[in-house]
Amino acid sequence: QFPFGRRLPCDIYWHGVSFHDNNIFSGQVNKFPGMMETVRKITLSRAMRTMQDLFPLEYNFYPRSWILPEELSLFVAEVRMMKDSNPSWKPTFIVKPDGGCQGDGIYLIKDPSDIRLTGSIQSRPAVVQEYICKPLLMDKLKFDIRLYVLLKSLEPLEIYIAKDGLSRFCTEPYQEPTLKNLHQVFMHLTNYSLNIHSGNFIHSDSVNTGSKRTFSSILCRLSSRGADVKKLWSDIISLVIKTIIALTPELKVYYQSDIPAGKPGPTCFQILGFDILLMKNLKPMLLEVNANPSMRIEHEQELSPGVFENVPSPVDEEVKVAVIRDTLRLVDPQKKKRKDTHVTVPPKRQWLGVHEHRGLWEVSPRQAVDEMSSKVPPKPTPSGILCCRCRSLEQVREASEELPDALKSPEAALPSLCLKQVFPKYAKQFSYLRLVDRVAALFIRFLGVKGTTKLGPTGFRTFIRNCKLSNSNFSMAAVDILYIDITRRWNSMGIDKESGMCLQAFVEAFFCLARKKYKSLPLHEQVSSLIEFCECRLAALHGKRLVWGCG
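Position numbers for residues start from 1 in each chain and track the written sequence from start to end. Predicted model: local features are reported for residues with pLDDT of at least 70 only, side-chain atom pairs are reported and counted for 80 or more only, and whole-chain, interface and lining totals are derived from all residues. Side-chain numbers come from the whole structure's heavy atoms, not from hydrogens or water.

## Observations concerning the sheet that holds strand β12 (residues 267-268)
Hydrogen bonds along the backbone pair up the strands of a sheet, which may run parallel or antiparallel. Spatially, the 3 strands line up as an open sheet ordered β1-β2-β12, and their pairing is parallel. With one partner strand each, in any of the chains shown, β1 (12-13) and β12 form the two edges of the open sheet. Strand pairing is defined by DSSP finding a minimum of two bridges between the two strands. Numbering of helices and strands starts at the N terminus; helices are DSSP runs of H or I of at least 4 residues and strands are runs of E of at least 2. Relative to strand β2 (residues 28-29), β1 runs parallel, the two sharing 2 bridges. What sits directly across from Tyr-13, in β2, is Val-29.

## Notes on the pairing of strand β13 (residues 270-278)
Sheet faces and side chains relate simply in a regular strand, where the side chains alternate between the two faces. Only protein chains enter the calculation, and the probe is 1.4 Å; a residue is then buried if its accessible area is under 20% of its type maximum, exposed if over 50%, and partly exposed in between. Judged by how many residues are buried, β13 sits mostly within the fold: 9 of 9 residues are covered. The alternating pattern of β13 places Gln-270, Leu-272, Phe-274, Ile-276 and Leu-278 on one face and Ile-271, Gly-273, Asp-275 and Leu-277 on the opposite face, and all of these are buried. Across 7 bridges, the pairing between strand β8 (residues 141-153) and β13 is antiparallel. Bridge pairing in β13 links Leu-151 to Gln-270. In this sheet, strand β14 (residues 284-290) lies alongside β13 in antiparallel orientation, the contact comprising 6 bridges. By the bridge assignment for β14, Ile-276 is matched with Leu-286.

## Describing the pairing of β8
Most of β8 sits out of view: 12 of its 13 residues are buried. For strand β7 (residues 137-138) and β8, the ladder comprises 2 bridges, and the chain directions are antiparallel. Across the sheet, residue Leu-137 finds its bridge partner in β8, namely Lys-142. Two successive antiparallel strands, β7 and β8, enclose a turn made up of 2 residues, where Asp-139 displays a positive phi of approximately 55°. By the bridge criterion, 4 bridges tie β8 to strand β10 (residues 166-169) in an arrangement that is antiparallel. What sits directly across from Phe-143, in β10, is Phe-169. Pairing analysis gives 4 bridges linking β8 to strand β9 (residues 158-162), with the strands arranged antiparallel. The partner of Leu-151 across the bridge, within β9, is Ile-159. Connecting β8 to the antiparallel partner β9 that follows it, the hairpin turn spans 4 residues.

## A word on the confidence of the model for the protein chain
Close inspection of predicted coordinates is inappropriate for parts of the model with low pLDDT. Residue-level confidence of the predictor, termed pLDDT, takes values from 0 up to 100. For the protein chain, per-residue confidence averages 83 on the pLDDT scale, and residues scoring 70 or more make up 81% of the total. By the convention used here, residues are in contact when the closest approach between their heavy atoms is within 4.5 Å. Note that pLDDT drops below 50 for residues 342-397; the model gives that stretch 82 contacts with residues more than four away or on any other chain.

Below you can see the structure in the form of structure tokens.
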């Protein structure tokens, strides 16, 4: 542990909170720059709304959301309009503070007028969403799923999903929300950090019972009821990939700001916690994404009033140990080197091996097997390498067959990977959704100054000019007005104090330009057409510059 940071190079840095815990100059780090900001409730809701505008059917797994306080009047108007068109509609809404965690500050309402309009709503923005009133119940209790997702690489995009997760249960039998039970958090909120304080919370040594269970145990029960578990997993994989696709544009802007292209720096990976709720019809709904999911494998137990001790949690251990172990296996920089060197054994030379658990000693093959259980290690060589002297390659093979798996290969003694690759494995099915990714690439191209995340007015004008988007109907004066109007509105939301146009503002401006240019098409076709138009213009301009350079 290096609480105050480490400047000497390492293969892997494992940070507790964020990418900016300390300075990193090489190796791999378990956090992406900007991930915490990108998965905050407001930013996530904005990203999902952009994708819902483009692909409403593909992104219907995220509840309808409004951002407070800026969209309060819109929320009130839309709810009133929906109630007028359908008088039988009696919705419930859930209010979640933007920076809240562990259930802090969450409450349910039946009407927009019930929002707590205190000073805190201004200083602590929130997201209000439609509450899912008909969740799948197990033992009459509401529960959610925590799935662990490894984002191994951003460019190229590489995603893994853990084959098992956690199911976290409420501690009071579920009833659909009414004015009388809205405040019963142990009935409506699945947060472990809340329900652990309930007198009904059950710590179990079994993964199949209690208030926290494995997701695989839930799947077994669903399968026994005749549910299509394969389709459910397919839907969850689709939800995860689509969510990551929605998040990557913002992440790429942060990434180029902290780790500019062409400069030495670390590569990143990150374990994310996806919180998913199953509806009664087994449709998975995304609740939120956690950038720093808890990896604790124990819980506090009260021995006597005010006296606690940490007790192992078998459910957490079974799921989380596998996730961390296999993440390290996937990002291990020495893995390829071991593969290359492990099988190369020159004849009439020493055979080299490594005893991973006991140290590195000079012994014969038979001795190596015996020493696995011996309390007294053999005498080490100065080089610290396990050497088995053999005269030929055949003798090497015979000798190695006597060795246990732990000596033959570091991987051989480990279980199979619990992390399943889903992208790029299923890339072809989802590539059409990556439109905003391509818009972000245009945005980054015109940022100009390395290390910034905002586009200035000159950069925006250069984008318009190089892509030849201005004409007699859309002058450069109109371009300036568009830039000023959109940038001023986004900056007034208090998202970032730095002046200039953020990516989300640029996406809005790009959509506006696409609607102007391709009026008769659906929005996703308008945006796709404008992206292709811009990419072709920029490619032609690049080609001309190359010719001029040669000339």
